[in-house]
Amino acid sequence: MAREIAKAYEPQQIEPRWAEFWVKEALFRADASAPGPVFSIVIPPPNVTGSLHIGHMLDHTEIDILTRWHRMRGYNTLYLPGMDHAGISTQRVVVRQLAEQGIDYRKLGREEFERRVWKWKEESGGMILGQMRQIGESCDWSREKFTLSPELSRVVREVFVRLYEEGLIYRATRLVNWCPDCLTVLSDLEVAHEERQGHLWHIKYPIVGTKEFLTVATTRPETMLGDTAVAVHPEDERYKRVVGRKALLPLMNREIPIIADEMVDREFGTGAVKITPAHDPNDFETGKRHKLAEIDVMTDDAHMNANAGAYAGLDRFQARKKIVEDLKAQGLLEKTTGHTSAIGLCERSKTVVEPRISTQWFCKMKPLAEPALAAVERGEIRMVPDNRREEYFNWMRNIRDWTLSRQLWWGHRIPAWYCKENKHVTVAREIPAKCATCGSANLEQDADVLDTWFSSGLWPFSTLGWPENTVDYKKYYPTSLLITGYDILFFWVARMIMMGIHFTGQVPFRAVYLHALVRTGSGEKMSKSKGTGLDPVALNQQYGTDAMRFCLASMAAPGTDIILSDDKLASARNFANKIWNAARFLFVNLDKFEQSGAKLEDLAGPEVRAKAPYAAGGEIPLVDAWLYARLAETVEMMNDALANYRFHEAAQGVYQFFWGDFCDWYIEWVKPELQSADRERATVAWKNLFAAFDAALRLLHPFMPFLTEELWHQLPQQAGARSIALGRFPEAELRWKNADALRDVAQIQEVVTALRAIRAELRVEARKKAGAEFSTTDRGLGDLIRTNKEAVERFAVLSELRMVLNERFDAKSGAVRSTATFDVRVVYSETVDAGAEMTRLKKEIEGLRKAIASKERQLGDETFRSRAPEMIIKGLEATLAQQRIEQEKLRRRLGDLDGGSQAAGT
RNA sequence: AGGCCCGUAGCUCAGUUGGUUAGAGCGCUACCUUGACACGGUAGAGGUCUGGGGUUCGAGUCCCCACGGGCCUACCA
């Protein structure tokens, strides 16, 4: 039966089938009762509003590689998927949608609005989970979680109440970050700072009872309407005499005190500062110290309010413009200078955040931070790359209280009830029937919801069933690892650690791997709004998901950002195609071999593969011994690399093994054997080839799940075996290790390469078989080349390789290459280009001269000899001896050529 | 303002505890459409590791300074 195999790999034909298969068969469902060491990992929950972007692609590729690798090594493996409810983003999306239909969400009322959001969630939310299935992530979909589900909402309430009872959650009136677009308060982390070019307006405030002015400098003139003081430094000689007087606030005609406070920087601006306690964090503190009034001059959507006098109703920026004009008209604007400052923007809406006085719920962080700091310090959580530890420590040490409440409808409603009779607050797990103090049933629940990140912080244990001591919790918590981008170290990682330790008494994960960001070709952070983002779904379609995964993995060196390009993706796609074609080679040739009665089952059955490599004539052929030795090396290297999150090394290692060793040398070497008339030799070659190929597929599987699954199914497998993903990652078998074979084949490769180089130099046509000679003083090498003469002849396209032991080649015909241990010559009618050859020789001799000189200098140095380790000295000496021989040979050769050309010239 | 990271071949990046002629992919040059693969094969050119100083027998690797680039934290109006 002849097999039909496409000439090039077409991932589009293959991927959807396996993606569906993995989900339908529930292949990655974890079994908490199964044996084996545990590997558990929870997804960093993506937004319900989100779709797969390139950052997820990297994150999920790394997670899935490690998950598949552990699973294949016999771990009881759980990869738990899910999403967070993304309070602000989701509400924004649905509000906008309703607005498009002409519906004001506020008019719908809270309950109806929530119903609409759930409907939206069911219909169009969670696109990313579908995409994760498409790209074949090996999640346990039966354990999928959502932060706003009833199950996880209970956990959130439990945690809130406990923290409240412990005195860690409190309600207070503070100056907070307010987003006038999202109409909610934000935590410090949700404010992004951006340097912007602005102005510094110098405004003259008349001093009451004098004809003088006190000039203040401000970047936000609109806030002056809420000024309740002007401050100067107590030791500022310029202003000492005005302290205690009053200034007349322009435009408002309000008398405000001139006070002295040490917070004033005498060097900045005029040294006099307007104080607006209701609109500036610094001024808020100053206001408290001096018991100043707090006048809020804005509405929640950043328009000026009734306190703003004539400016009421204007947008804050229009008001700024108008105020500056009016001041100018009244001659109170002294001057305007350019000023750059970092302004706070809302992460979601990009609106300028307005500091505002507001009553909110807060969480005390210091008591939570201390154990979280200590756990990382003590190494209970390994952080990779470890230079991120400093950032973590720094943030933890300077941590500030967390603003928990949000003025939204979509989220976990704060479990606090206010008594309408006596204002008493009841915080409870369940809806309280009456006020605890006065017994009134007239209660009203707090209207606000909790920050989404509050529930995300509980994710590693809330998803496993805490506070119940469930089977999953017992088995899979603490999780093994968290993989996420370093940009959300504080959002997630830090909070998960704090909450995890506080509530479970254990760290939530034993290690954190913080990966890089994917950047554009020009090195910028990708951004959807700038249109600089790459769409991984489209790229997966174009190049194949396996290629994308391999590409990302091969660039994912810890701590380094990734700049993705078409070139790199194409290179990974080429690799996938190479693997496909190696398989194609196997099966096309197998068709021929099967015609002589061989059966695939006998050559490649699972029990046949298990015993490879096989011997022919009592001995394992050199090239097979070599390949399995390389396989063992590669397995060890990959295991070590993956254990240390060195994805790029593992990827490059398997690339080198498959392409360089397996395709370029091994397949080429055994080609004739596969169709050999010698039945035993052919059978052994096939068995060794298939077993090696199968092992290579398993090595590749964590990186390229689709392609390897497809090809694995074309090999005979054990009855009931459903997927390569449930097979074993190869072990570095002791019997595969073979230092002699590694050395021998390396030597043969060196001889072959030397011969090929000569052919290229002489411009021998590719298929023209040339004669060649080989000479060595090394007996072992001579034997080795003689034994493998046929292979060398084939690799170097020779009619014959003559062994001319201990003979020195002259320059008469052909070209020569020499190493310290051997010389080769290709005999060819065309003569060498003596000029070019001499240039090459001179260059090489010069290189050697430098190398030799530096070694001689070092070895001649007594201090070096007495201090350097023995191994280094021995190594240098050995190399030096080799290089001297080599240099001598090259010099002689140069002399021959030189003499020859002179002779020809005369 | 404080902290962190980076500067190695034309490009993008590796380079484990300082130790023998600094590696890879892409690109480039030459040759090759050979029965797995041109998404391929073979051979090759190309860096002295941003600059300066220091420690050391020995520095791409450790220390200091400068220059260049990036990031994070921070209430300078």
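Since we're looking at a predicted model, the values are computed, not measured. (Residues numbered from 1 in each chain as written. Chains lettered and ligands numbered in written order. Predicted model: local features only at pLDDT ≥ 70, side-chain atom pairs only at ≥ 80, totals over all residues. Heavy atoms only, no water.)

(A) Main features of the overall build of chain A. The helix and strand tally for chain A stands at 30 helices and 29 strands. Seen through its C-alpha atoms, chain A measures out along the principal axes to roughly 115 × 70 × 55 Å. Buried positions account for 55% of the 906 residues belonging to chain A. Once local pairs closer than 6 in sequence are excluded, the contacts in chain A between residues at least 24 apart make up 77%. Summed over all atoms, the accessible surface of chain A reaches about 40000 Å², with 49% contributed by carbon and sulfur. Where the 122 positive side-chain charges of chain A centre and where its 125 negative ones centre are 1 Å apart. (Helix = DSSP H or I, 4+ residues; strand = E, 2+ residues; numbered from the N terminus. Buried < 20%, exposed > 50% of the residue type's maximum accessible area, 1.4 Å probe, protein only. Contact = heavy atoms within 4.5 Å. Areas by Shrake-Rupley, 256 points an atom, 1.4 Å probe, with all protein chains shown as cover. Lys, Arg positive; Asp, Glu negative; His and termini not counted. Charge placed at Lys NZ, Arg CZ, Asp CG, Glu CD.)

(B) Molecular detail of the environment of Asn-398. Relative to the helices and strands, Asn-398 resides in the loop between helix H11 (388-397) and strand S16 (402-403). Using a relative accessible area of 53% as the deciding quantity, one classes Asn-398 as exposed. Residues Asn-398 and Ala-369, 29 residues apart in the sequence, show an inter-C-alpha distance of 9.5 Å. A polar contact of 2.9 Å, which involves the side chain of Asn-398, links it to the backbone oxygen of Asn-394. (Polar contact = N/O pair within 3.5 Å; in protein donor to acceptor, adjacent residues only side chain to side chain.)

(C) Representation of the pairing of strand S10 (residues 246-249). Of the two faces of S10, the one lined by Ala-247 and Leu-249 is fully buried and the one lined by Lys-246 and Leu-248 carries no buried residue. Counting the residues in the hairpin turn of S10 and strand S11 (residues 254-260) gives four residues, including Leu-251, whose phi is positive at 70 degrees. (Pairing = 2+ DSSP bridges.)

(D) Seen up close, the side chain of Arg-840. Take Arg-840: it is sitting in helix H28 (residues 834-860). Not counting the four nearest positions on each side in its chain, Arg-840 is found in contact with Glu-761, Val-816 and Arg-817.

(E) Broad picture of the protein's contact with RNA strand B. Contacts to RNA strand B come from 59 residues, most closely from Asn-282, Thr-560, Arg-867, Thr-879 and Gln-883. Backbone atoms, meaning sugar plus phosphate, form 65% of the atoms of RNA strand B positioned within 4 Å of the protein. The side chain of Lys-578 places a nitrogen or oxygen atom 2.9 Å from a base oxygen of RNA strand B. In the environment of RNA strand B, a sugar or linking oxygen lies 3.1 Å from a nitrogen or oxygen atom belonging to the side chain of Arg-763. For the surface near RNA strand B, the secondary structure elements donating two or more residues are strand S8 (213-218), strand S13 (333-346), helix H18 (566-594), helix H22 (647-674), helix H25 (739-762), H28, helix H29 (862-867) and helix H30 (870-905). The element contributing the most residues to the surface near RNA strand B is H18, with twelve residues. Residues that form the surface near RNA strand B fall into these classes: 20 nonpolar, 19 polar and 20 charged. (Near = heavy atom within 4 Å. Nonpolar A, V, L, I, M, F, W, Y, C, P; charged D, E, K, R; others polar.)

(F) Broad picture of the packing of helix H1 (residues 11-24) against helix H24 (residues 705-712). Contact pair H1 / H24: the axes reach a minimum separation of 9 Å and the direction vectors enclose 85 degrees. Comparing the axis directions of H1 and H24 gives the class roughly perpendicular. On the side of H1, the interface is formed by Ile-14, Glu-15, Arg-17, Trp-18, Ala-19, Phe-21 and Trp-22, while H24 contributes Pro-705, Phe-706, Glu-709 and Glu-710. (Axes fitted to C-alpha atoms, helices over the stretch in contact; angles between N-to-C directions. Parallel < 35°, antiparallel > 145°, perpendicular 65-115°, else oblique.)

(G) Broad picture of the environment of Asn-305. Within the secondary structure layout, Asn-305 lies in the loop between helix H8 (281-290) and helix H9 (316-329). The class for Asn-305 is buried, based on a relative accessible area of 16%. For the pair Asn-305 and Asp-315, spaced ten residues apart in sequence, the C-alpha to C-alpha distance is 9.6 Å. Beyond its immediate chain neighbours, meaning those up to four positions away, Asn-305 contacts Asp-296, Val-297, Met-298, Thr-299 and Ala-312. Within the local environment of Asn-305, its side chain forms a polar contact with the backbone oxygen of Met-298, the two atoms lying 3.3 Å apart.

(H) Quick peek at the sheet that holds S10. Ordered in space as S10-S11-S9-S12, the four strands form an open sheet in which the pairing is mixed. What marks the edges here is a single partner per strand, and that holds for S10 and strand S12 (272-275). For this sheet, the mean angle separating the axes of adjacent strands, direction not counted, is 30 degrees. Bridging between strand S9 (residues 229-232) and S12 involves four bridges; their strand directions are antiparallel.

(I) Layout of the side chain of His-648. Examined against the element boundaries, His-648 turns out to sit in helix H22. Given the relative accessible area of 14%, His-648 is considered buried. Each residue touching His-648, except ones within four places of it in the same chain, is listed here: Ala-553, Ser-554, Met-555, Ala-556, Ala-557 and Pro-558.

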